[in-house]
Structure formats: structure tokens, C-alpha cells
Amino acid sequence: MIPAARPIIGDEEREAVDRVLRTGMMAQGPEVKAFEEEFSAFVGGRHCIAVNSGTSALHLGFLAAGLKAGDEVIVPSFSFAATANSVALAGGVPVFADIDPKTFNMDPAHVETLITEKTKGIMPVHLYGHMADMDVFEAIGKKHGITIYEDSAQAHLASLNGRRSGEWGKVASFSFYPTKNMTSGEGGMIVTDDDHVDHLARMLRNQGGVIRYQNEIVGFNNRMTDIHAAIGRVQVTKVEAWTQKRRENAAYLDANLKGVITPYVRPGSEHSYHQYTIRIPGATGASRDAMIAAIKEGGVGCDVYYPTPIHRLPSFNQKLDLPMTEMVVQEVISIPVHPSLTQAELEQVVSVVNDVVAKA
Ligand SMILES: *Cc1c(COP(=O)(O)O)cnc(C)c1O
């Protein structure tokens, strides 16, 4: 079976971990500092603060930016649960917006209708690695005095109008979970151009202080270990070539798939293809799931990101009218696009998917 995702871990990563283990010092230290500096090259030299997960990055990012209890943050419902969980963990209230089915990303026009006195943040997600309409959200933020955040967990090296993911929001958060475009095992990065947010985030991840035993605020232990940072530092040197390969694989799929809607790429933007997600127009959840079973039978791993909109998960359980989200959750299938696919595997993906779609 061609897996839906395939993390690439080589001898260099193993040697890096061993190098740290030999020092006997494994907690946050010089490897984390170096990883932060090296990652900042991908986000225009902004401050980078490494933490133990992408969810922690989102959570601490909100707290460091001053989100207060009861503040509303508008997020897409069509995303991973962490997008909304992090707002709630910071004491805020996630307000769920619909998406544009063409881009899979939050619809700016719908977001504007949801703005109230309590709206203190808007957090687009660059879903699957396709940039949200950050230029439009930036203008909305300016007009209403609302802070713009970015959930960049799936969008390492994606860009819009020459600005990378992570270079738009007051705070952006990346994830290094194993299936993401680069990994540190588990991990996340808070990115900001604001010195105060940078300082607060560094304290919040470390019991509320940067100097040992001088705790200034109440904080967490959300530090990244030097073991994880050492893996991330190797992956930083590889992720540009991997992203290029993802783009080449996507171009092949675009050119050869038939009878499905292939991923849209907005002019002026560069997709990072964390996922290559097709739509089966008019599918119901059940007909789509039958196609997934048939594609897997053909030896091609695939999956649905995400089958249930966040607002309908038991954790939020809200009754909202988000028609585009409800349509898209029934139509999407993510198929392999990862950089280690061989030409033979790519051809198998195309022939199996085209066969299944033609018979449906
Ligand atoms: C993976 C992901 C996260 C959370 O990252 P973790 O490192 O798993 O905590 C948040 N948002 C989105 C959109 C993600 O895909």
C-alpha cells in the first residue's frame, strides 16, 4: 500500500539525536536556540520560539498576544480540532466561519458578517498548504482593529504575493508533527515580529520566566527538548527540496487526474501541498467513503481531512449554518503527494483514482 503520508527520517537525523544524547543534556538548550535561528530564515527573520507542539504554539501565541477571557476569535470550522481548541484553551471563544469551496480556506466575506464588539482575533488556516487570502484578512484586520493570527501548521514555505506563511499574522504557529512537511518528532514554533509577544511567549513556555528561579508570570512547561530540536535542525536543511518535489508531484497529478476537481492555486501564491486534496463534486459522505475503500483496495492510501466540521464535534457541539463546509466535508479525498513517491507510485495513484472515479 502506498501510504497517505511517509515521514522521511535518515541517518543524519539519527546521528543528530545521538549527538545530543551523548552530551547528557537533553532539555531545552543550544539545539533549540539554533533550531529557532535556522527556522527564522523561512519567515523573513521574524522571532521564532520553539515549543513542544503546534497546539502549544497556537495556545501560547494567543496568550502572549494578550487574548483575554471571553474574547472572540474567528476561525474556520473546516480544520483540525487544534485550531479551535487553542482559542478555547487560551480562554477565548472560537467563532466558526464558512469556507470558500474553491480554496478550502476561510471565506473573508462570511468572516466580516461575524465580527462583533467582542471579536479580538481572526485566525485563517492555510489548509493543506494553500495560503488563505491573507491580503484580504490583513485589510479586514486594519479596518476593524482586529489582530490577525495564522495557523501555519500545514504551510511551511507556502507564500502569497512574495510573503511566506508566518510573515503575515501578528503571531503565526507552525507544527512539526511527523506527518507535517517537516518534523521534529513532535514540536511547534511560535513566530512573531513583535518583541513583546516574543518575550512573553518565551516566559510562558518556561514556567513564566526566562531566567531560572525568577518567574515573572504564571507559565507552563511547554519547552521543546534538544533531542527534538536536533531532528528539526536536520529537517530544516531538507524541507525546501521536499517542497519542490511535492510541487512536482502535484503538477503530475493535476495533469493526469480525470473527473475530479484538483486543488486550486491562487495566482501569486505558492502551495506547499501538505495534502493534495481532490473534490468529488456531488458526492455524499457515503459515496465518497465507498470510493476511498476502492482506492485503498487498489493499493493507494488516502484519507479525509476532515470528516466532521469542528463546530459539530462533541467538544463544541454547535448548530450553525455553514453550507460550504457541510458540502466539502462530504466531497474531499486527500491522496498521496509526499516527496518520496516514485514515478511508478505516482502512476499507480493516477490510474487507481481515475478508475475508481470513472466507475462511480
Ligand atoms: C497539525 C495541526 C495543528 C496542531 O499541531 P500539533 O503539532 O499536532 O499540536 C494545528 N492546526 C492544524 C491546521 C494542524 O494541521
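Fair warning: this is a prediction, and the values are worked out from it, not measured in the lab. (Residues numbered from 1 in each chain as written. Predicted model: local features only at pLDDT ≥ 70, side-chain atom pairs only at ≥ 80, totals over all residues. Heavy atoms only, no water.)

A short note on the overall build of the protein chain
For clarity, the cut-off: Secondary structure elements are taken from DSSP: a helix is a run of H or I of four residues or more, a strand is a run of E of two residues or more, and numbering for both begins at the N terminus. Here the globule rule is a power law, 2.2 Å times the number of residues to the power 0.38, and the radius of gyration is based on C-alpha atoms. Per-residue accessibility, obtained with a 1.4 Å probe over protein chains only, is compared with the maximum for each type, and a residue is labelled buried under 20%, exposed over 50%, and partly exposed between these values. Contacts are residue-level and defined by heavy atoms, with any inter-residue pair within 4.5 Å sufficient. To measure how exposed things are, a 1.4 Å probe is used in the Shrake-Rupley method; for residues, cover is taken only from the protein chains shown.
Along the backbone of the protein chain there are 12 helices and 12 strands. Its C-alpha radius of gyration of 20 Å places the protein chain within 12% of the 21 Å reference for a compact globule of 360 residues. The principal-axis extents of the C-alpha atoms in the protein chain amount to approximately 65 × 55 × 40 Å. Per-residue burial for the protein chain yields a buried fraction of 56% across its 360 residues. When contacts within the protein chain are restricted to residue pairs at least 6 apart in sequence, long-range pairs at least 24 apart make up 69% of them. Per element, the accessible surface of the protein chain, about 14700 Å² overall, is 54% carbon and sulfur.

Side note on the sheet that holds strand β2 (residues 72-76)
Short version of the rule: A pair of strands is labelled paired if DSSP reports no fewer than 2 bridges between them. Only the contacting stretch of a helix is used when fitting its axis, a line to C-alpha atoms as for every element, and angles between N-to-C directions run 0 to 180 degrees.
In space, the 7 strands of this open sheet follow the order β1-β9-β8-β5-β4-β2-β3, with mixed pairing throughout. Sheet topology places β1 (47-51) and β3 (93-97) at the edges, where each strand pairs with a single neighbour. Mean inter-strand twist for the sheet, computed between neighbouring axes without regard to direction, equals 25 degrees. Where strand β4 (residues 119-122) meets strand β5 (residues 147-151), 2 bridges bridge the pair, whose relative direction is parallel. If you follow glycine 121 over to β5, its bridge partner there is threonine 147. Of the strands in this sheet, β1, β8 (171-175) and β9 (188-192) touch helix α2 (residues 30-39), which is tilted by about 135 degrees from β1.

Structural notes on the packing of helix α10 (residues 285-297) against helix α12 (residues 343-359)
How two helices sit against one another is set out by the angle between their axes and by the gap between those axes. Applied cut-off: Note on angle classes: values under 35 degrees are labelled roughly parallel, values over 145 roughly antiparallel, values of 65 to 115 roughly perpendicular, and the remainder oblique. Each crossing gets its handedness from the near helix: less than a right angle anticlockwise from the far helix is left-handed, clockwise is right-handed. Lys, Arg, Asp and Glu make up the charged group, whereas Ala, Val, Leu, Ile, Met, Phe, Trp, Tyr, Cys and Pro make up the nonpolar group; the residues left over, Gly among them, are polar.
Orientation of α10 relative to α12, taken along the N-to-C sense of each, is 140 degrees, at an axis distance of 9 Å. Judged by the angle between their axes, α10 and α12 are oblique. Remark: the crossing between α10 and α12 carries right-handed chirality. Across the interface between the two elements, Met291, Ala294 and Ile295 from α10 touch Val352, Val353, Val356 and Val357 from α12. Residue classes in the contact of α10 with α12 are distributed as 7 nonpolar, no polar and no charged.

Looking at the pairing of β5
Defined as follows: Handedness of a crossover: with both strands directed away from the viewer, a clockwise path from the first strand across the helix to the second marks it as right-handed.
For β5, the tally of buried residues reaches 4 of 5 residues, placing the bulk of the element in the interior. Handedness of the β4-helix α6 (residues 134-144)-β5 crossover: right-handed.

Describing the site of the ligand
Quick note on the threshold: Distances are taken per atom, and a residue is near a molecule or strand as soon as one of its heavy atoms is within 4 Å of it. Any N or O atom pair separated by 3.5 Å or less is treated as a polar contact, with the protein-specific requirement of one donor-capable and one acceptor-capable atom, and with residues adjacent in sequence counted only for side-chain atom pairs.
The local shell around the ligand holds 16 residues, among which Gly54, Thr55, Gln154, Ser175 and Lys180 are the closest. A distance of 2.8 Å separates an oxygen atom of the ligand from a polar atom in the side chain of glutamine 154. Between an oxygen atom of the ligand and a side-chain N or O atom of serine 175, the distance comes to 2.7 Å. When the ligand sits alone it has 380 Å² of accessible area, and the protein chains cover 93% of it. For the shell around the ligand, the elements supplying multiple residues, two or more each, are α3 (54-64) and α4 (82-89).

Regarding the packing of helix α1 (residues 11-23) against helix α8 (residues 226-236)
Interaxial distance between α1 and α8 falls to 8 Å at its minimum, and their mutual angle equals 150 degrees. Between α1 and α8, the interaxial angle falls into the category roughly antiparallel. Of the two possible hands of crossing, α1 and α8 adopt the one that is right-handed. Facing α1, whose interface residues are Glu12, Glu13, Ala16, Val17, Arg19, Val20 and Leu21, α8 presents Asp226, Ile227, Ala230, Ile231, Arg233, Val234 and Gln235. Its residues placed into classes, the contact of α1 with α8 shows 8 nonpolar, 1 polar and 5 charged.

Observations regarding the domain arrangement of the protein chain
Inclusion rule: All domain edges in this entry derive from an automatic or database-based domain assignment. Each of two parts loses accessible area, computed with a 1.4 Å probe, when they are put together; buried area is these two losses added. For salt bridges, the criterion is a side-chain nitrogen of Lys or Arg within 4 Å of an Asp or Glu carboxyl oxygen.
Looking at the assigned domains, one finds that the protein chain contains domain 1 (11-236) and domain 2 (239-359). For domain 1 and domain 2, the distance between their C-alpha centres works out to 25 Å. Domain 1 puts 43 residues into the contact, and the matching count from domain 2 is 37 residues. Summing both sides of the interface, domain 1 and domain 2 together bury roughly 3400 Å²; the carbon and sulfur share of this comes to 60%. Run the count over domain 1 and domain 2 and you get 3 salt bridges. For the salt bridge of arginine 266 with aspartate 135, the shortest nitrogen-to-oxygen distance reads 2.7 Å.

Some words on the side chain of threonine 192
Structurally, threonine 192 is set in strand β9. Since its relative accessible area comes to 0%, threonine 192 is described here as buried. Side-chain polar atoms of threonine 192 contact the backbone oxygen of lysine 170, separated by 2.7 Å. Residues in contact with threonine 192, not counting those within four places in the same chain, are Arg46, His47, Ile49, Lys170, Val171, Val197 and Asp198.

So, the sheet that holds strand β7 (residues 163-164)
The sheet built from 3 strands is open, its strands ordered β7-β6-β10 with antiparallel pairing. Across the chains shown, the open sheet's two edge strands, defined by having one partner strand only, are β7 and β10 (269-270). Relative to β10, strand β6 (residues 159-160) runs antiparallel, the two being bridged by 2 bridges. Of the residues in β10, the one forming a bridge with leucine 160 is serine 269.

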